[in-house]
Every structure is written in C-alpha cells, then in structure tokens.
Amino acid sequence: MRRRMTMALILLAVMFASCQRRPFAEDTTKVNLVLKVNTDVVNHEGHPMPETMRVGLYDPAGGAGRYTDYVGPEGGYIYPMAGTYDLIVYNIGTESTQVRKESSHGEIEAFTSEVSSFLKSQLSRFLAKRAQARAERAKAEAQNGTKGSKPETSAPSDEEKIVYEPDHLFVGNVKGVVIPALLEGDEDREIMLEVDARSVVETWKISLTNVEGLEWVQSVVAIISGQSGSHFIGRQEDSDDVVSIYFEMKPDKEKGLITGQFNTFGKHPQVQSDLSLDINVTDTGGDEHHYHFDVDSEFMENPELHIEVEEEIKVEEPKGGGGGFVPSVEDWDEIKTEINI
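The model shown is predicted, which means the values in this text are computed figures rather than measured ones. Along each chain, residue indices are assigned from 1 in the same order as the chain's sequence is written. A pLDDT threshold of at least 70 governs which residues receive local features in this predicted model, and a stricter bar of 80 or more applies before side-chain atom pairs are shown or counted, although totals over entire chains, interfaces and linings include all residues. Remark: hydrogens and water are excluded; side-chain values derive from all non-hydrogen atoms of the structure.

1. Section: the overall build of the protein chain
Only runs of H or I of at least four residues qualify as helices and only runs of E of at least two qualify as strands under DSSP, and these elements are numbered from the N terminus. When its secondary structure is counted, the protein chain shows 3 helices and 21 strands. A 1.4 Å probe rolled over the protein chains alone gives each residue an accessible area, and that area as a share of the maximum for its type sets the label: buried under 20%, exposed over 50%, partly exposed in between. Evaluated residue by residue, the protein chain yields a buried proportion of 40% over its 341 residues. Two residues form a contact once any of their heavy atoms are found within 4.5 Å. Counting contacts in the protein chain only where the partners sit at least 6 residues apart, residues at least 24 apart contribute 73% of the total.

2. Focus on the packing of aromatic side chains
In summary, the pairing rule links any two rings of Phe, Tyr or Trp, Trp by its six-membered ring, whose centres are within 6.5 Å, and it sorts them by plane angle into stacked for under 30 degrees, edge-to-face for over 60 and tilted for everything else. Within this structure, the stated rule accounts for 2 aromatic pairs. Taking the centre distance of 5.1 Å and the plane angle of 35 degrees together, the rings of Phe247 and Phe262 count as tilted. Of this pair, Phe247 sits in strand S16 (residues 242-252) while Phe262 sits in strand S17 (residues 257-264), and the two are 15 residues apart along the sequence. Neither Phe247 nor Phe262 differs from the other in exposure class; each is buried.

3. Observations regarding the sheet that holds strand S6 (residues 98-100)
For two strands to count as paired, DSSP must find a minimum of two bridges between them. The strand order across the open sheet formed by 4 strands is S6-S7-S14-S15, and the pairing between neighbours is antiparallel. A strand with exactly one partner marks an edge of an open sheet, and here the two such strands are S6 and strand S15 (237-238). Alignment of strand S7 (residues 109-111) against strand S14 (residues 230-232), held across 3 bridges, turns out to be antiparallel. Considered in S14, the bridge of Glu109 is made with Phe232.

4. Considerations on the pattern of salt bridges
By salt bridge we mean one thing: a side-chain nitrogen of Lys or Arg within 4 Å of a carboxyl oxygen of Asp or Glu. In this structure the tally under the stated criterion is 10 salt bridges. Lys120 is paired through a salt bridge with Glu114; the nearest N and O atoms lie 3.8 Å apart. With relative accessibility at 39%, the residue Glu114 sits in the partly exposed group. We note a salt bridge from Glu288 to Arg125, for which the minimum N-O separation is 3.1 Å.

5. Here's the deal with the sheet that holds strand S5 (residues 83-91)
Overall, mixed pairing links the 7 strands, which are arranged S3-S2-S5-S9-S10-S1-S4 in an open sheet. Since the sheet does not close on itself, it has two edges, and those belong to strand S3 (65-71) and strand S4 (75-78), each with one partner. Between one strand and the next, the sheet's axes are offset by a mean angle of 20 degrees, whatever the strand orientation. Here strand S2 (residues 53-58) pairs with S5 via 6 bridges, running antiparallel. Within S5, the position partnered with Met53 by the bridge is Asn91. Interaxial angle, 0 to 180 degrees, is taken between N-to-C directions of lines fitted to C-alpha atoms, where a helix line uses only the stretch in contact.

6. So, the side chain of Thr112
Turning to its location among the elements, Thr112 is positioned in the loop between S7 and helix H2 (117-122). Each polar contact in these results corresponds to two N or O atoms within 3.5 Å; when the atoms are within protein, one needs to be able to donate a hydrogen and the other to accept it, and residues that are neighboring in sequence are counted only if both atoms are side-chain atoms. Side-chain polar atoms of Thr112 contact the backbone oxygen of Tyr164, separated by 2.8 Å.

7. Some details on the environment of Gly176
Structurally, Gly176 is set in strand S9 (residues 170-179). According to the relative accessible area criterion, Gly176 is partly exposed, its value standing at 42%. Separated by 93 residues in the primary sequence, Gly176 and Gly83 place their C-alpha atoms 9.5 Å from one another. Leaving out residues up to four positions away in the same chain, Gly176 has contacts with Thr84, Tyr85 and Asp86.

Below, the structure is given as structure tokens:
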C-alpha cells in the first residue's frame, strides 16, 4: 500500500512538472535601437551630429509614457518591458528649442521662448516704428474697403508674440512597435529596431538684392511674421499658434546684398496669416531705418526655401559723415600742483 502511494506521488509530481511554463529570462527585453539621423538640411550645410537622443515609448491606446531612455546619435541598447508601443526619439541639448509635455504622445511639443525683455528694449524703436506702420496699413485698408480681403490670424502688434528661432530638432517616429518577451534560454536572441530621424525645422534664406548705400550699413535685424509657434512631434503636425521670429542679417558688400536666414517650424497649411518681413537697418551714424515687405507669395511652392526681395532699399550717407563714434585725444593741458609732504 505504501509502495502504491509513493508511485502515485511520483507520477503526480511528474505530471505537474510537465505542465509548468518556461520562466521568462527577465522582466525586460534587450533591444538594439539603430538610429539613422539625417543631418542634411536645406540651406544649413554641415550641421553637426547630435550628441544625445531621448527615446520615449508610449501606450498606443492612451498615449501615456511607459519608458524613457537615452542613447547616442547612432543608437544603443534599451531595456523596455514587453509590449506594443508608439516610439518617439529626438535630440536633446538644443539651445533655443525646448520640449514640454514629454509624458504624452499626443501633447509632446517643441517650441521656443519669447525674446527677452532686454532684447525688446534694444529693439524698442524698431518695434515702435513697425507697430506704427502696421496701424497705418490697417487704416489704409479700411479706407480703401480692402480690410478683411485677406484673413489675419496673427495678434495685434501690442499682443504680438516675438520668439527666438528654433534649433534643428531631429525626430524619429514609429507606431505600433512590438517588443517581444524573451523566455529563458533566448537571451542571445537579437532584437533590432531601426529608426530614421530628420529635422522638423526648416531653414529659410533671405536675400535683399536691390540695396543702395550698402557702404553706410552697420547692422541689420529682422522679424518675420506668420510662423508656427510650435510643433507636436508625436502627432507630427504644427500648432495653430502664430508667432513672429526675430533673427539677424548682415551686409555683403562684395556682392552688394543684405543676406540672412532663419529657422522655423513652418507655416501650418490650415492657418492663413499675414506673412511679412520687417527689417531694421542701423547706419554707420547710429540712425535706424525700417523697411516692410509682403512675402506671402514667396512662401508658396518654394522648394529652395529662398526668398529674394527685389524692392529698393536706400540708405543715405549719415549727416554726421558716417563716422559714428570716433574717439580722439586732444593736447594735454599743463597743470602745476604743489604737494605737501
């Protein structure tokens, strides 16, 4: 009897052992993430390769962040839990471009800050002239009955949001990434994921080709209006927030041009706004000159991203002779003083 019970226990143990599942090697899966970052940008040659890339895995159902890691520009190994995810990878450490709401796939957003109060104070005369000219144009349109002929979505000049231009942000998106679970004994299995990343920022070039008095030009700054204020890198679309971008230009006396370029998230295709270019030229005598150009048509069907302004810019010789501040030293006056010791 005891022998029969022993045999029954042995058979029962063997039966349970045969039904056991093979255990997982670990809770996470080792994934070789291979990145291909395309740094070829129109009008921006020689962009350096980013140093660090942020990897985010998100729940496809609700968009909540499930895993975060950091790799080099060529990729590296990440260790997420098994599952299905939407992936976003982008470079960090940019100077002007910032990213917020990283924990949500649908809300993660790249943007730039408004220009500083100090810079606004430096541009105060330019901004005042620009606002006055804008008000005069609006008044003229109202008198001519043309007001409202072109939709205007940008804010009034007293509420206008002027921002710094964004740095290039190289983003890769992959939806429905399946990360398998590795069973014990499968540790040597290579799980590879290849992702391409390219910039979500455009670089536009501007050339002022009809400049008279270029020899009197000391410095040039510009503001381009009607630009998208941010970019949702998960949804891969620009926001409807319309901003103006501040940037600098420079005179090219050899070619007789004033040239410059600016970075932008672009113009959202569903947003109709007044795309205008305002430049402020400071001459060698310290006087400022404001010029306004309508560049709506230049933004349409322009694969070279190059705006050429042919309207005349005339800078006259400063009344003071164009010398600006010229330091000088006069003859010394002889002064005799007695010193009591």
